[in-house]
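Topology and contacts: notes
The chain contents come next:
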Amino acid sequence: MYQFSNIYGNALLVHHLQHAIQQKRISHAYLLLGDDGSGKKLLAHTFAQTLFCEQGGTEPCGICKSCHAYDAGAHPDLILVRPEKKSLGVEEIRTKIIDDVAIKPYRYSYKIYIIEQADTMTPAAQNALLKTLEEPPSYAVFLLLAKQQAAFLETVLSRCISLHLHPLPAQIVASYLQEKKSLSSEQAASYAAYAQGSIGQALTLLEDEAFLQMRQDVLAKLQRIQNTSLAEVLLWAKEWEIYQNDFRFLDVIALWYRDLLFAKRLHDDTLLIQQDLQAALYAHATEDAAVLAHKAIAVQQARTQLTQNANFRLTIEVLLMELKGE
Ligand SMILES: [Zn+2]
């Protein structure tokens with residue numbers, strides 16, 4: 001069962017939607033904007049289940065017929081639209097929405113359309129949908145989920161209430177992981193750091209064995225970089241070629257030096273992002289702050305070069321030399 005009270009972060013949006021329900025002032029079209037894993041679907045489904053609920057409250061009751069049908073994934077008046085191919089074309093929009101919306105709801109006072117990846121609608125598809133958005137039947141509610149607002153025609157945007165889902169503070173992602181996934185506070189803080197404000201992304205990482213192994217490998221090497229010969233360190237660039245399509249290994253390196261810098265300068269445990277590495281960080285924070293800062297910058301430079309298609313091996317060799325301090 002969906003519950004607004006189970007949604008972490010984005011409190012203003014949650015309040016906006018619950019208030020609309022309470023005041024019975026529901027718009028016909030909402031555009032929920034946010035990155036992958038930002039919680040668009042969760043918010044859309046919570047809103048839809050609440051609107052359908054026979055109790056008429058600001059949360060789904062979980063026990064009425066409508067809530068049961070919703071939880072079973074069989075609600076008669078909920079229509080899910082997701083692109084079958086790369087984009088949503090005119091035909092798909094016509095058959096799934098425009099023709100369908102003329103049919104009255106089967107049982108409830110709303111007919112709700114959740115349109116995933118709505119920003120893949122072609123301009124022609126958007127134009128086709130526009131007429132429906134301009135003159136929707138009283139019972140129709142459209143929830144468009146999208147990453148980019150720029151993909152929409154102005155005319156479509158003007159018909160929608162745009163709601164932006166923001167990345168969550170790392171602290172909120174961490175509390176979610178502690179409360180719902182029973183992670184220790186140290187582990188939760190580290191995962192939250194890599195998840196970039198997205199609970200969805202944190203959950204993906206938790207299941208991602210390859211990420212865990214990569215992190216372990218990279219951190220183990222960074223911790224012995226000063227005591228390893230340059231010749232051997234340069235060989236890591238070849239070993240790390242397995243990560244060349246996954247720049248998260250640069251996140252791991254960047255965070256390591258960021259935290260070393262904080263450990264060196266501030267001596268405040270609470271400011272460390274990788275709470276699970278406290279002991280290692282203090283043990284390795286031996287260099288000057290200026291040197292550590294320089295290394296952190298070198299990681300960002302390597303990332304920029306790689307996104308511009310620089311040679312992976314060469315870029316990482318240069319980075320490793322900088323990190324070793326040669
Ligand atoms: Zn209910």
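Residues numbered from 1 in each chain as written. Predicted model: local features only at pLDDT ≥ 70, side-chain atom pairs only at ≥ 80, totals over all residues. Heavy atoms only, no water.

1. As for the coordination of the zinc ion
Those donors, Cys53 (SG), Cys61 (SG), Cys64 (SG) and Cys67 (SG), are the protein atoms that reach the zinc ion, and they lie 2.3 to 2.4 Å from it. If you look at the zinc ion, its four donor atoms make angles of 99 to 118° with each other, and the shape they trace is tetrahedral. Every donor residue of the zinc ion comes from the same chain, spaced as C-x7-C-x2-C-x2-C. In this structure Cys67 comes out as buried when scored by relative accessible area, which is 0%. (Donors = N, O, S within 2.8 Å, 3.2 Å for Na, K, Ca; no water. Tetrahedral: all angles 85-135°; square planar, octahedral: opposite > 155°, others 65-115°. Buried < 20%, exposed > 50% of the residue type's maximum accessible area, 1.4 Å probe, protein only.)

2. Things to note about the side chain of Lys324
Counting through the fold element by element, Lys324 comes out in helix H15 (residues 312-324). Among the polar contacts listed, one links the side chain of Lys324 to the backbone oxygen of Thr228, at a separation of 2.8 Å. Excluding anything up to four places from it in sequence, Lys324 contacts Ile225, Gln226, Thr228, Ser229, Leu230, Val233 and Lys295. (Helix = DSSP H or I, 4+ residues; strand = E, 2+ residues; numbered from the N terminus. Polar contact = N/O pair within 3.5 Å; in protein donor to acceptor, adjacent residues only side chain to side chain. Contact = heavy atoms within 4.5 Å.)

3. Things to note about the layout of surface pockets
Empty space among the atoms can be located by rolling a probe the size of a water molecule over them. Considered as a void within the structure, the largest pocket measures approximately 700 Å³ in volume. If you go around the largest pocket, you meet 36 residues; those closest to its centre are Gly37, Ser38, Gly39, Lys40 and Lys41. Counting only elements with at least two residues in the lining of the largest pocket, the list comes to helix H1 (11-22), helix H2 (40-52), strand S4 (140-146), helix H7 (170-181) and helix H9 (199-206). Here the lining of the largest pocket gets five residues from one element, more than from any other, and that element is H2. Across the lining of the largest pocket, the residue classes break down as 15 nonpolar, 13 polar and eight charged. The residue makeup of the lining of the largest pocket includes at least three contributed by each of domain 1 (4-164) and domain 2 (170-200). The space that makes up the second largest pocket amounts to roughly 260 Å³. Lining the second largest pocket, in full, are Ala170, Gln171, Ala174, Gln178, Ser185, Glu186, Ala189, Ala193, Thr270, Leu272, Ile273 and Gln275. (1 Å grid on protein atoms, 1.4 Å probe; cavity = no way out; pocket = protein on both sides within 12 Å on 5 of 7 lines; lining within 4 Å. Points joined across faces, edges and corners; volume = space filled by probe spheres on them. Nonpolar A, V, L, I, M, F, W, Y, C, P; charged D, E, K, R; others polar. Domains from an automatic or database assignment.)

4. Digging into the domain arrangement of the chain
Domains assigned within the chain are domain 1 (4-164), domain 2 (170-200) and domain 3 (208-324). A C-alpha centroid distance of 21 Å is found between domain 2 and domain 3. Here domain 2 and domain 3 share an interface that buries about 760 Å² over both sides, 65% of which is from carbon and sulfur atoms. Connecting domain 2 to domain 3 are zero salt bridges. On the surface where domain 2 and domain 3 come into contact, there are three residue pairs in polar contact (both at pLDDT 80 or more). In terms of residue class, the side of domain 2 that touches domain 3 is made up of four nonpolar, three polar and one charged. (Buried area = accessible area lost by both parts, 1.4 Å probe. Salt bridge = Lys/Arg side-chain N within 4 Å of Asp/Glu carboxyl O.)

5. As for the packing of aromatic side chains
Within this structure, the stated rule accounts for 11 aromatic pairs. Plain terms: the ring middles of Trp236 and Trp240 are 6.2 Å apart, the flat faces sit at 35° to each other, and that makes the pair tilted. Trp236 gets classed as buried once you look at its relative accessible area, which sits at 2%. Taken together, a centroid distance of 5.7 Å and an interplanar angle of 35° make the contact between Tyr243 and Phe249 tilted. Neither Tyr243 nor Phe249 differs from the other in exposure class; each is buried. Within the aromatic cluster, the residues linked to one another by ring pairs are Trp236, Trp240, Tyr243, Phe249 and Phe312. The residue whose ring lies beneath Arg258 is Phe262, and the NZ or CZ to ring-centre distance is 3.6 Å. (Phe/Tyr/Trp six-rings, centres within 6.5 Å; stacked < 30°, edge-to-face > 60°. Lys NZ or Arg CZ within 6 Å of the ring centre and 35° of its normal.)

6. What to know about the environment of Lys111
Take Lys111: it is sitting in strand S3 (residues 111-115). Assessed through its relative accessible area of 2%, Lys111 is described here as buried. Between the C-alpha atom of Lys111 and that of Phe211, which follows or precedes it by 100 residues, the distance is 41 Å. In contact with Lys111, not counting residues within four places along its chain, are Asp77, Ile79, Asp100, Ile103, Lys104, Pro105, Tyr139, Ala140 and Val141. A distance of 2.9 Å separates a polar atom in the side chain of Lys111 from the backbone oxygen of Asp100.

7. Some remarks on the nonpolar core
The nonpolar side chains of a soluble globular protein tend to be buried, and buried together. Counting 54 residues, the largest nonpolar core has Trp240, Phe249, Ile253 and Tyr257 as the members making the most contacts within it. When residues in this core are grouped by element, the largest group, 11 residues, is from helix H12 (residues 248-266). Shared between two domains, this core holds at least three residues of each, these being domain 2 (170-200) and domain 3 (208-324). In this structure Trp240 touches Asp217, Val218, Lys221, Phe249, Ile253, Phe312, Ile316 and Leu320, once residues within four positions along its chain are discounted. (Core = buried A, V, L, I, M, F, W, Y, C linked by side-chain atoms within 4.5 Å.)

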